[in-house]
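# Geometric and topological summary
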Amino acid sequence: MNRPMGSEPEVNASQSSSLPASLDLDMSIHGLHAKHQQELENLTLTSQPLKTLKFFILAIIQYLMRSALYLLSHRGWLMILCIVGVLLGTLLFTTDGPHGKHVEELRQYIQFGLWWVALGVASSIGLGSGLHTFVLYLGPHIALFTIKAVQCGRVDIKSAPYDTIQLKRGPSWLSKDCSEFGPPLFSTLDGSRVPLTSILPQVQLEAVLWGIGTALGELPPYFIARAARMSGSKLDAIEELDASSAEDNGVIATRLIQLKRWFLSHSQYMNFLTILALASVPNPLFDLAGIMCGQFGIPFWKFFVATAIGKAIIKTHIQTVFIISVCNNQLLDWMENELIWVLSFIPGFASVLPNLTSKLHAMRAKYMAPTAPKPPKTEVKKWSFSFMTIWNAIVWIMILNFFVTIITSTAQRYLKKQQEKELATKQSINSDNLSQ
């Protein structure tokens, strides 16, 4: 078949002319990607504070508008009840009357609950092992209460359940003399014997609240991974884990990466009992467990209920019982008996055991004896004030750094969504130009 003259060169000419155009479009999109990445890296409170705050405020407004529209369209009655509740609460807290005493008591309970839950959230976000604010606040509170209860021989030393360590004040019972609480209720010839079952209920509420906070602190990794799964993208933490396997890290870092990769490869075993077991012990890899549960579609209630039971009930009671046992006389007696039993098998120690036992009893009596009330001294107050000031400053710096991270990540997420819209628009225009 004879072809028309000049038809083939025209086709080749049109194809050759479209190639440079497509290459230019690819280069422009690649350049836009690089520009967007640079903008995300520069968007921080230190380099661009006004722009970061602007995007953060816009993101908060956008989230509130979406939440309000969702509640109005799906749960309008719930939003009305919330508004009525806020108005009634504001009215009760701002007006004087006979209800003022009960309102103040309610405020103390709310402050107490929010304090320990917030410490639990900060613990999960801080280290991921649940030992951060436990070591700083809950552990010392349980230890001080146990020692005070053993010294005074009674457990009813709190003025109220919310009489605990808080940020700006300490418990009232810590500085009181044992005579102010009355005669000992638990005592023997050798000293106070306060059962563990009597001490545990006195510190159980704050421990459980702290555990609920640690469970709530594990939700952000789960929701971030779940959102990434719904959008069809791969989570940054998993991508970094894949990329880090090719890098030359230290021995500890390499072992930790291998452990995380093994953890990730066994994701098919993530069920209720597995999550419960992982949450019931101090586990620095639990953040990765939350990411895996969100990435592989574990239902929210299965993840949260297992995490809450493990952290708020099992793990907190293990840690609380351990602290009480360490500070109680029963554990000291057991350690003394075991030490004497072991030393009795060593030749030559049988003759020094009575002297050693008397010294141990003297040390225990000195350690557990209640301190006599002393007149306040200027130097002690000065040192206590200085230490508390420095300690509170460190805590506030940690909290401020946490909020700075939230503001920066929220602003960057808002900017990234705007960049994705811009990129989609540009690709749509380019595809239309190529089709023409």
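Just above sits the structure.
The rules behind each value
Residues numbered from 1 in each chain as written. Predicted model: local features only at pLDDT ≥ 70, side-chain atom pairs only at ≥ 80, totals over all residues. Heavy atoms only, no water. Core = buried A, V, L, I, M, F, W, Y, C linked by side-chain atoms within 4.5 Å. Buried < 20%, exposed > 50% of the residue type's maximum accessible area, 1.4 Å probe, protein only. Helix = DSSP H or I, 4+ residues; strand = E, 2+ residues; numbered from the N terminus. Contact = heavy atoms within 4.5 Å. Disulfide = S-S within 2.5 Å. Salt bridge = Lys/Arg side-chain N within 4 Å of Asp/Glu carboxyl O.

Counting 34 residues, the largest nonpolar core has Trp116, Tyr137, Leu138 and Phe145 as the members making the most contacts within it. The set of elements that each furnish at least two residues to this core consists of α4 (100-126), α5 (132-152), α6 (196-217) and α12 (300-327). Here this core gets 10 residues from one element, more than from any other, and that element is α5. With near-sequence residues (within four places) excluded, Leu138 lies in contact with Trp116, Thr133, Glu206, Ala207 and Trp210. Core analysis: the next-biggest nonpolar cluster, separate from the first, contains 18 residues, Met270, Ala279, Phe286 and Ile298 among them.

Turning our eyes to something else, we now look at the state of the cysteines. Covalent bonding between the sulfur atoms of two cysteines defines a disulfide. The full count for this structure, using the stated rule, is 1 disulfide. Shown here is the disulfide that connects Cys152 with Cys178, its sulfur atoms set 2.0 Å apart. Its S-S torsion of approximately -70° makes the covalent link between Cys152 and Cys178 left-handed. Pair noted here: Cys152 is in helix α5 and Cys178 is in the loop between α5 and α6, with a separation of 26 residues, a long-range link. An identical accessibility class is assigned to Cys152 and Cys178; each is buried.

With that out of the way, let us pick up the pattern of salt bridges. The tally for this structure, following the rule as stated, stands at 4 salt bridges. Its salt-bridge partner being Arg154, residue Asp156 comes within 2.7 Å of it at the nearest N-O pair. According to the relative accessible area criterion, Asp156 is partly exposed, its value standing at 42%. Here Lys158 ties to Glu206 by a salt bridge, and the two come within 2.9 Å at their closest N and O atoms. Of this pair, Lys158 sits in the loop between α5 and α6 while Glu206 is found in helix α6, placing the two residues 48 residues apart along the sequence. Residue classification places Lys158 among the buried positions, given a relative accessible area of 15%. Note on Glu206: relative accessible area 1%, which makes it buried.

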